[in-house]
Structure formats: C-alpha cells, structure tokens
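Residues per chain are reported as follows:
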Amino acid sequence: MSKVFQMLGGSGGRIKLASIEITTPPTKTAYKAGEQFSTAGMVVKATYSNGATLIATGVSVEPSGGLEAGRTSVTIRYTEGGVSCTATQAITVTKTNVTVPSQSGSLTYSGSSQSPAWYNYDTTKMTLGGTTSGTNAGNYSAKFTLKDTALYQWADGSTAPKTVSWKIGKADGSLTLSKTSIKLEDGKLTDSFTVTRLGTGTIPAVSNRPDIASVSISGNIVTVHSVDENSGTVTITVSVASDTNYNAPASKTCTVS
C-alpha cells in the first residue's frame with residue numbers, strides 16, 4: 001500500500017501533528033461505481049513532532065461522494081491544531097455488470113398485437129426501445145440502453161445499446177373438408193367439395209389414381225372429374241401449406257368411388 005504524507009499549517013515550537021499512516025486498511029477496498037468509501041475497519045495512526053503517536057479519529061475522505069469507475073485510491077485527511085496531513089488508501093472501483101435481457105416465455109400468433117415479457121429487464125438500469133410489440137408471427141428486434149454508463153456496463157464490458165431478438169411463433173393450422181366421400185356415376189361425372197383452413201396457405205390436392213379421377217382447384221373449391229368414365233376407388237389427398245402466421249396442418253382425404 002502506497003502512502004503520501006503532506007503537512008499544512010502549524011506554528012511555533014509547540015508539539016504538532018507531523019504525519020498520519022494507515023496501519024490497518026479498511027474492511028472494504030473493492031467498490032462499484034457510485035458507492036461511497038467506507039472507513040469501517042480502518043485504523044489511522046497520527047505521529048507528532050515529538051515522536052508521540054495516537055490513533056486518529058474523525059478523519060475525512062476525499063472524494064466524499066460516489067466513487068467513479070477506474071479510481072484506484074482515496075485520500076484520507078486528518079486535521080489537528082491547524083495542521084492537515086494525508087495518507088492514500090488503494091481501492092478498486094468497477095462498474096456494475098448488467099445482464100442483457102432476453103425473451104421470457106413464448107408468444108404464439110393470435111391475430112392481436114402482443115409484447116414479450118423479458119428476463120433480466122431492470123427498469124432502474126436500462127430503457128427499452130426498438131420494436132416492442134407485433135401482431136404477425138416472425139422475429140422482431142428490441143433495443144436496451146443503459147441509463148448511466150458511468151455506473152453500469154453489460155457483462156461483456158461494453159456500454160453501447162444492445163439489440164435483442166424476440167419472436168412470435170406461428171399458430172397451429174387447421175383443415176376441414178365439406179365432404180370426405182363422393183360418388184361419380186352416369187349423369188354426374190364431376191363433383192366438388194370445399195376446403196376450410198386457417199390463414200392463406202395454398203391448397204394442393206392430389207389424386208392417387210389420376211387415370212380414374214382427376215382434380216382441379218379454384219380458390220378453396222376442389223373439383224373431382226371422372227376420367228373416361230373409368231371405374232374404381234380413388235383417394236384425393238388435400239393439404240394446406242404453411243403461411244406467415246400458421247403452420248401446415250395434417251392432410252385430409254376424400255374417397256371417390
């Protein structure tokens with residue numbers, strides 16, 4: 001521990017304060033920016049011009065307010081009889097590490113605007129900006145900014161705003177058919193059924209026996225056509241593709257005889 005001694009004032013030949021020394025360091029020497037120095041546990045010995053010593057009480061600390069990050073020492077001052085002496089106490093002062101927030105839980109498309117909850121979002125240390133709400137499924141970007149970069153830093157040591165991704169997931173899709181079986185015969189060589197689904201995903205329909213029955217699609221209407229009036233049993237498989245907000249549901253079938 002380095003010490004600096006300085007004497008100011010004093011007069012005549014009377015016994016007077018000559019120097020001070022920190023013989024026992026304070027209990028706490030490591031601080032976070034903004035904290036004040038604590039003299040708890042510290043012992044300061046005062047030495048006088050005649051060689052006498054005593055334990056000094058009522059010392060002052062410079063600086064007296066909150067400590068700034070990067071400071072490596074404080075000055076301990078003791079004044080008696082118009083004489084002021086100082087000693088230096090080594091300390092470390094670092095910024096408080098703050099964890100970058102992350103999305104808490106999950107969101108699923110609902111058709112309404114939603115905002116995420118956040119892990120580690122401390123409103124006393126940071127502000128929230130960027131995109132903080134959304135309706136459609138997809139990825140969004142929020143921005144967290146430290147309120148006081150003299151006191152706080154991110155865990156990686158940086159202080160610039162952090163962009164954090166959050167997500168609204170797709171909802172489960174659904175698919176229903178207005179008919180699950182149809183019959184083609186003389187006088188009725190075509191028939192159709194309606195596909196109902198959530199979202200806007202495209203609707204593929206496939207015949208497993210296109211030599212007997214073919215399919216065509218217009219919007220959400222699937223039409224089945226007899227091919228050359230051939231006979232047999234055909235399975236029409238209908239699917240719905242995923243879209244912006246819905247996952248693809250399980251396929252459904254319609255039996256054609």
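The text that follows walks through the structure, step by step, so that each part is easy to find. Worth saying up front: this structure is predicted, and the values here are computed from it rather than measured. (Residues numbered from 1 in each chain as written. Predicted model: local features only at pLDDT ≥ 70, side-chain atom pairs only at ≥ 80, totals over all residues. Heavy atoms only, no water.)

## Some thoughts on the nonpolar core
Piece 1. One finds Leu17, Ile20, Phe37 and Ile76 to be the most contacted residues of the largest nonpolar core, which totals 21 residues.
Piece 2. Taken together, the elements giving at least two residues each to this core come down to β2 (17–24), β4 (43–48), β7 (73–80) and β8 (83–90).
Piece 3. In this structure, Leu177, Ile203, Val224 and Val256 belong to the second largest nonpolar core, which totals 18 residues. (Core = buried A, V, L, I, M, F, W, Y, C linked by side-chain atoms within 4.5 Å. Buried < 20%, exposed > 50% of the residue type's maximum accessible area, 1.4 Å probe, protein only. Helix = DSSP H or I, 4+ residues; strand = E, 2+ residues; numbered from the N terminus.)

## Notes on a negative patch on the surface
Piece 1. A contiguous patch of negative charge, built from Glu185, Asp186, Asp228 and Glu229, is present on the exposed surface.
Piece 2. For Asp228, a relative accessible area of 67% puts it in the exposed group. (Patch = residues over 30% accessible without salt bridge, like charges linked within 9 Å, V, L, I, M, F, W, Y side chains within 5 Å. Areas by Shrake-Rupley, 256 points an atom, 1.4 Å probe, with all protein chains shown as cover. Salt bridge = Lys/Arg side-chain N within 4 Å of Asp/Glu carboxyl O. Lys, Arg positive; Asp, Glu negative; His and termini not counted. Charge placed at Lys NZ, Arg CZ, Asp CG, Glu CD.)

## Digging into the pattern of salt bridges
Piece 1. Taken as a whole, this structure holds nine salt bridges when the rule is applied.
Piece 2. Residue Lys45 pairs with Glu21 through a salt bridge whose shortest N-O separation is 3.8 Å. Of this pair, Lys45 sits in strand β4 while Glu21 is found in strand β2, placing the two residues 24 residues apart along the sequence.
Piece 3. Residue classification places Lys45 among the partly exposed residues on the basis of a relative accessible area of 27%.
Piece 4. Classification of Glu21 by relative accessible area gives partly exposed; the value is 30%.
Piece 5. Measuring nitrogen to oxygen at the nearest pair gives 3.0 Å for the salt bridge that ties Asp191 to Lys179. In this pair, Asp191 sits in strand β20 (residues 190–197) while Lys179 sits in the loop between β18 (175–177) and β19 (181–182), placing the two residues twelve residues apart along the sequence.
Piece 6. Owing to a relative accessible area of 12%, Asp191 belongs among the buried residues under this scheme.
Piece 7. Judged by its relative accessible area of 31%, Lys179 is partly exposed.
Piece 8. What emerges from the salt-bridge pattern is a single network uniting Lys179, Lys188 and Asp191.

## Quick word on the sheet that holds strand β22 (residues 213–218)
Within a sheet, neighbouring strands are paired by backbone hydrogen bonds and run either parallel or antiparallel to one another.
Piece 1. The strand order across the open sheet formed by four strands is β18-β20-β23-β22, and the pairing between neighbours is antiparallel. Looking at strand neighbours, the two that pair on one side only are β18 and β22, the edges of this open sheet. Here the average twist between neighbouring strands, direction ignored, is 25°.
Piece 2. Taken together, the six bridges between β22 and strand β23 (residues 221–226) define a ladder with antiparallel strand orientation. Looking at β23, one finds that Val215 is bridged to Val224. (Pairing = 2+ DSSP bridges. Axes fitted to C-alpha atoms, helices over the stretch in contact; angles between N-to-C directions.)

## Points about unusual backbone geometry
Piece 1. Residue Glu62 is joined to Pro63 through a cis peptide bond whose omega torsion reads 0°.
Piece 2. As for its placement among the helices and strands, Pro63 is situated in the loop between β6 (60–62) and β7.
Piece 3. Despite not being glycine, Asn120 has its phi angle at roughly 65°, a positive value.
Piece 4. Located in the positive-phi region is Glu229, a residue other than glycine, with phi close to 55°.
Piece 5. The topology assignment puts Glu229 in the loop between β23 and β24 (234–238).
Piece 6. Overall, Glu229 belongs to the exposed group, its relative accessible area being 53%.

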